[in-house]
Amino acid sequence: MSEWKAWILRIVVSAVLGGLADALTKNSRQNSLVRLTAGTMMLCVMIAPLARLDPDSVRGFWERQAQSGAEAAEWGTEVQAAMTRDYTAAEFAQWVESFAASSGIFCSAQVVLNEHMLPDRVTVILGSETTLQVIDALCTAVAAGIGIPRDRVEVMIADDHIGQASDIIARAPA
């Protein structure tokens, strides 16, 4: 950090000296020469640290930056995939709920996707008034509609008095 401070101090000192020399030769014939010299001095002070750089350290810096960029891109891809996975699972769940509602069955659905972003398992949460025949028909239709085996559709019966998926009291046979 002290190298940075020394470099900034040299820039400030050269700027002050250049400004002072310019002010002293304001109306003289040497003014343009003084300005040229002050500008050249300022440029040399600013780029002087580049002369001390080791090419291997510069290459290492850019390699680390490239690696960090690749890691950030990979992380961004993972986040995007997770967001897409959540959105896709929600879309499938919405389809199951809409399909059931079109048959007069009101339910809540949760869908788990596999690594290919396709439904792997479906959980349908129904009210306790639903009969086994309706449950079986719904599970068969959902499995066929989504394209998964019938045994990958799970039905849970929720207590109507509470009405929340977290208060499941029984599981229907698959």
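Residue indices begin from 1 for each chain and proceed along its sequence in written order. Only residues with pLDDT of at least 70 are given local features in this predicted model, and only at 80 or more are side-chain atom pairs given and counted; all residues enter the totals for whole chains, interfaces and linings. Side-chain figures throughout are based on the complete set of non-hydrogen atoms in the structure, without hydrogens or water.

This paragraph deals with the pattern of salt bridges. For this analysis, a salt bridge means a side-chain nitrogen from Lys or Arg found within 4 Å of a carboxyl oxygen belonging to Asp or Glu. Counted under the stated rule, the structure contains three salt bridges. A salt bridge links Asp 120 to Arg 152, with the shortest nitrogen-to-oxygen separation between them at 3.1 Å. Taken together, the positions of Asp 120 in strand β2 (residues 119-127) and Arg 152 in the loop between α4 (132-146) and β3 (153-158) put the pair 32 residues apart, joining distant regions of the chain. Arg 152 gets classed as partly exposed once you look at its relative accessible area, which sits at 28%. Secondary structure counts use DSSP, requiring at least four H or I residues in a row for a helix and at least two E residues in a row for a strand, with both numbered from the N terminus. Relative accessibility thresholds used throughout: buried, under 20% of the residue-type maximum; exposed, over 50%; partly exposed, between the two (1.4 Å probe, protein chains only).

The subject of this paragraph is the packing of aromatic side chains. Two numbers describe a pair of aromatic rings. These are the distance of the centres and the angle of the planes. The rule is short: rings of Phe, Tyr and Trp, with Trp giving its six-membered ring, pair when the centres are within 6.5 Å, and they are stacked under 30 degrees, edge-to-face over 60, tilted in between. Under the counting rule described, the total for this entry stands at one aromatic pair. An angle of 15° between the planes, with centres 5.3 Å apart, marks the rings of Trp 95 and Phe 99 as stacked. Of this pair, Trp 95 and Phe 99 are both found in helix α3 (residues 55-102), four residues apart, which corresponds to roughly one turn of the helix.

With a 1 Å grid laid over protein atoms only, a set of points is called a cavity when a 1.4 Å probe fits there but cannot get out and a pocket when it is open yet has protein on both sides within 12 Å along at least five of seven lines; lining residues have an atom within 4 Å of a point. Grid points are joined across faces, edges and corners, and a volume is the space filled by probe spheres set on the points. For the largest pocket, the calculated volume is near 340 Å³. Elements that contribute at least two residues to the lining of the largest pocket include exactly α1 (2-24) and α2 (31-51). For the lining of the largest pocket, the element with the most residues is α1, which contributes four residues. For the lining of the largest pocket, the class distribution of residues is six nonpolar, no polar and three charged. Note on residue classes: Ala, Val, Leu, Ile, Met, Phe, Trp, Tyr, Cys and Pro are nonpolar, Asp, Glu, Lys and Arg are charged, and everything else, Gly too, is polar.

Let's shift gears to the pairing of β2. Taking burial as the measure, the nine residues of β2 include seven buried ones, the bulk of the element. Strand direction decides the pairing type here: strand β1 (residues 108-113) and β2, joined by six bridges, are antiparallel. Its bridge partner being in β2, Gln 110 is matched across the sheet by Thr 123. Remark: five residues form the turn of the hairpin made by β1 and β2, two consecutive strands paired antiparallel; Met 117 in that turn has positive phi of roughly 65°. In terms of strand pairing, β2 meets β3 through six bridges, oriented parallel. The partner of Gly 127 across the bridge, within β3, is Ala 158. Whether two strands pair comes down to DSSP finding at least two bridges between them.

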